[in-house]
Amino acid sequence: MRSPADMDIVQIDISTKCHLACSNCTRLIPHQTQRRDMELETFERSVKSMEGWNGPNKLIGVIAGEPTLHSNFEQISRRFAELWGGPNTNNGKAPIKDFNDFATQRLFDRSNGRGLWTSLGNGFYRNYETIMEVYSHFNTNTHETAGQHQALLISRKDYTQATGMSDAEWEYNRDNCWVQKLWSATINDKGAYFCEVAGAIDRLYFDGARAWPVEHGWWQRTPEDFKDQLDLCNYCGLAQPGPSQLDLLDRDIISAEHKAILKKLGSPAIRKRAYEMFDPELHMQKRQVETRDNYVGEASSGRRVGIGHNSTKPRKLACVLTSVGYGDDLALTLPSNMREFDEVIVVTSSDDVRTQEVVKENGATLVISDRCFEDDHAFNKGKMLNDGLKVLKDADWIVFTDADIIMHEGFYELFMAHSWNPGVLYFTTRIDSQKVEGKGEQTNFEPNGYFQLFNARASAIRDKWPNIVNENFCSAGSVDSWFYQQWKRENLFGITDIPVKHIASARLGENWNGKQQRPRKWRQFGILTVNGFTSLAPADAVPDTIRLTDTLFGNTVTLRKDELDQHVQLSPEGGIIFAGQDVGRTHIHVAYFAD
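Here goes a summary of the coordinates provided. Predicted model, so just to flag it, every value in this text is computed and none were measured. (Residues numbered from 1 in each chain as written. Predicted model: local features only at pLDDT ≥ 70, side-chain atom pairs only at ≥ 80, totals over all residues. Heavy atoms only, no water.)

### Side note on the environment of Thr-33
Within the element layout of this structure, Thr-33 appears in the loop between strand 1 (9-13) and helix 1 (40-48). Assessed through its relative accessible area of 44%, Thr-33 is described here as partly exposed. For the pair Thr-33 and Asp-376, spaced 343 residues apart in the sequence, the C-alpha separation amounts to 61 Å. In this structure, Thr-33 is in contact with Leu-265, Gly-266, Ser-267 and Pro-268, ignoring residues within four places of it in sequence. (Helix = DSSP H or I, 4+ residues; strand = E, 2+ residues; numbered from the N terminus. Buried < 20%, exposed > 50% of the residue type's maximum accessible area, 1.4 Å probe, protein only. Contact = heavy atoms within 4.5 Å.)

### A short note on the packing of aromatic side chains
Applying the stated criterion across every chain yields a total of 33 aromatic pairs. Ring plane angle 50 degrees and centroid distance 5.0 Å describe the contact between Phe-427 and Phe-445, whose orientation is recorded as tilted. Taken as a pair, Phe-427 in strand 16 (residues 425-432) and Phe-445 in the loop between strand 17 (443-444) and strand 18 (451-455) lie far apart in primary sequence, 18 residues in all. According to the relative accessible area criterion, Phe-445 is partly exposed, its value standing at 36%. Ring centres 5.6 Å apart and planes at 70 degrees place the aromatic pair Trp-522 and Phe-593 in the edge-to-face group. One end of the pair, Trp-522, is in strand 20 (residues 521-529); the other, Phe-593, is in strand 27 (residues 588-594), with 71 residues separating them in the sequence. An aromatic cluster of three or more residues is present, and its members are Phe-341, Trp-397, Phe-411, Phe-415, Trp-420, Tyr-426, Phe-451 and Phe-493. Positioned over the ring face of Phe-102 is Arg-106, at 5.2 Å from the centre of the ring. Above the ring of Phe-373, the side-chain terminus of Arg-518 is found at 3.8 Å from the ring centroid. (Phe/Tyr/Trp six-rings, centres within 6.5 Å; stacked < 30°, edge-to-face > 60°. Lys NZ or Arg CZ within 6 Å of the ring centre and 35° of its normal.)

### Side note on helix 7 (residues 167-175)
Inspection of helix 7 places Trp-170, Asn-173 and Arg-174 among the buried residues, and these make up the whole buried set. Looking down the long axis of helix 7, one finds its buried residues gathered within 105 degrees of arc, a one-sided arrangement. Relative to its buried face, helix 7 has exposed residues pointing more than 90 degrees away, namely Ala-168 and Tyr-172. Along its buried surface, helix 7 packs onto helix 6 (156-163). (Arc of directions from axis to C-beta.)

### Details of the layout of surface pockets
Taken as a whole, the largest pocket spans an internal volume of roughly 1200 Å³. What lines the largest pocket is a set of 48 residues, among which Arg-430, Asn-448, Asp-480, Leu-508 and Trp-512 lie closest to the centre. When residues of the lining of the largest pocket are traced back to their parent elements, those giving at least two are strand 16, strand 17, helix 16 (479-484) and strand 20. Its residues assigned to classes, the lining of the largest pocket shows twelve nonpolar, 23 polar and 13 charged. In this structure, the second largest pocket occupies an estimated 250 Å³ of space. Lining the second largest pocket are 16 residues, with Asn-176, Trp-178, Ala-239, Val-289 and Glu-290 positioned closest to its centre. Among the elements that line the lining of the second largest pocket, the one with the most residues is helix 8 (residues 178-182), at three residues. Of the residues contributing to the lining of the second largest pocket, the split by class is eight nonpolar, five polar and three charged. (1 Å grid on protein atoms, 1.4 Å probe; cavity = no way out; pocket = protein on both sides within 12 Å on 5 of 7 lines; lining within 4 Å. Points joined across faces, edges and corners; volume = space filled by probe spheres on them. Nonpolar A, V, L, I, M, F, W, Y, C, P; charged D, E, K, R; others polar.)

### Structural notes on the pattern of salt bridges
Applying the stated rule across the entire model yields 32 salt bridges. Arg-79 is paired through a salt bridge with Glu-82; the nearest N and O atoms lie 2.8 Å apart. Of this pair, Arg-79 and Glu-82 both sit in helix 2 (residues 73-83), separated by three residues, roughly a single helical turn. Residue Glu-171 is joined to Arg-156 by a salt bridge in which the shortest nitrogen-to-oxygen separation is 2.8 Å. Linking Glu-171 in helix 7 with Arg-156 in helix 6, this pair joins segments that are 15 residues apart in sequence. Given a relative accessible area of 30%, Glu-171 falls into the partly exposed group. (Salt bridge = Lys/Arg side-chain N within 4 Å of Asp/Glu carboxyl O.)

Below, the structure is given as structure tokens:
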């Protein structure tokens, strides 16, 4: 045996929840009578107790039944990153075609000292963004590839009686156990243990009676200090040559002593008869482990994620767009776009009969809203998009686009075939149908409103759901810039192989204030950057009274143009200070009131 100080992995076992019931589970999940999560304070104390243990290639792993099902997994993971290891990772932002390849790459990455043992599933999907940031190392096994789990619930008494093995040989095997020799010590909600399996047995059978206090330096104990924790080995058959079982059969091989204990405890697996009794004449296999066993089976070339496994892939793809005065364009784009989404939501005004007809003809979801004209705004696109999101049920992945955009043919199938990071906003190339005055190129490759692909659970926006779009912009311009700037720059990811086509207007910004010129409205005049004003329409001068809205925070100030210097200054770093806040090199939306 070895001291935890000499191990390269120590596990923190944070939950007894799992979506699987694998044969011979080392966490005894099928026999758990209650599913409990480790408290955050206990987790923090566990991590802090390991101070001084860390070193090159050492790893603290988060494990459980399935750790991502912990009710507070995100907070635990974020706290883990604060307390232990190196910087967060930049992994998993590009779309992933084969998650098995990705998981295999992560298996060899210990760069930040934090690891996750997972079988994927719904918990992983919910926490995908956090996982990709916090954990450099994944030990993934979806238990779909004919892996073998050795029977552990064969007690010393039953094993020696059945096989005739001497106590001396049994103890020799125990002292050279492959689990303790090759794998991990552990901490669970009861305390610390020299062996991860011993911890699971003590927790279930004895309510943690043999646990060590989780205090600084507990891991410095040597085998001479293990003492009564060694008694837990009397309930474990893993150190002895013994039988294994396909993990996906969902039944344990157990001996008589264990059956009696588990029945008394009220094991769900015993009640359901999800077990078979250990019989040396039937279970003749003498499995012995000499190297770290990845348990993923030989039949599928050692895949860690089963072929066809889709728990990391999208559940649903919806589209939300506005169309006020764009009914004719929508008639050209909507028929083909309907094939690329599970649901298309079109938001229009009560007087736009043409758009309403097109939406109904094509089977899209129609939302009627006149909020775009509220507060004397010419066309408040943000309010319309929020109204569209409010009718979206089971929100998952969403695309914001426009009525004059044609999606890439086959986009839906490509999207659904990949795993996408919910913490990322994805964008693509737009190809204009004609040269646009005010633009240098007929292509656009920025995260603008023609195509913004995002997830409703993204940390950048989820706390505002469903009102995730700023409603301070009086036009369709700049609101998309505000939206993408809610993400960190490193979380904007462009994809060139799904370009969209744009039925372009003749001039940049031509219809951002709406196709119909409505009187007495705030209208966008242009933008303000570090280089000064840029007008979106022919104009001789900046209007006397203007309204400024920045595209980082969405703050709005109405002022006379001679007061501009009081509200806008250049920062020493070359950006803009607006209304007392540094908005960097983002632009400011400039509006005026038009009679």
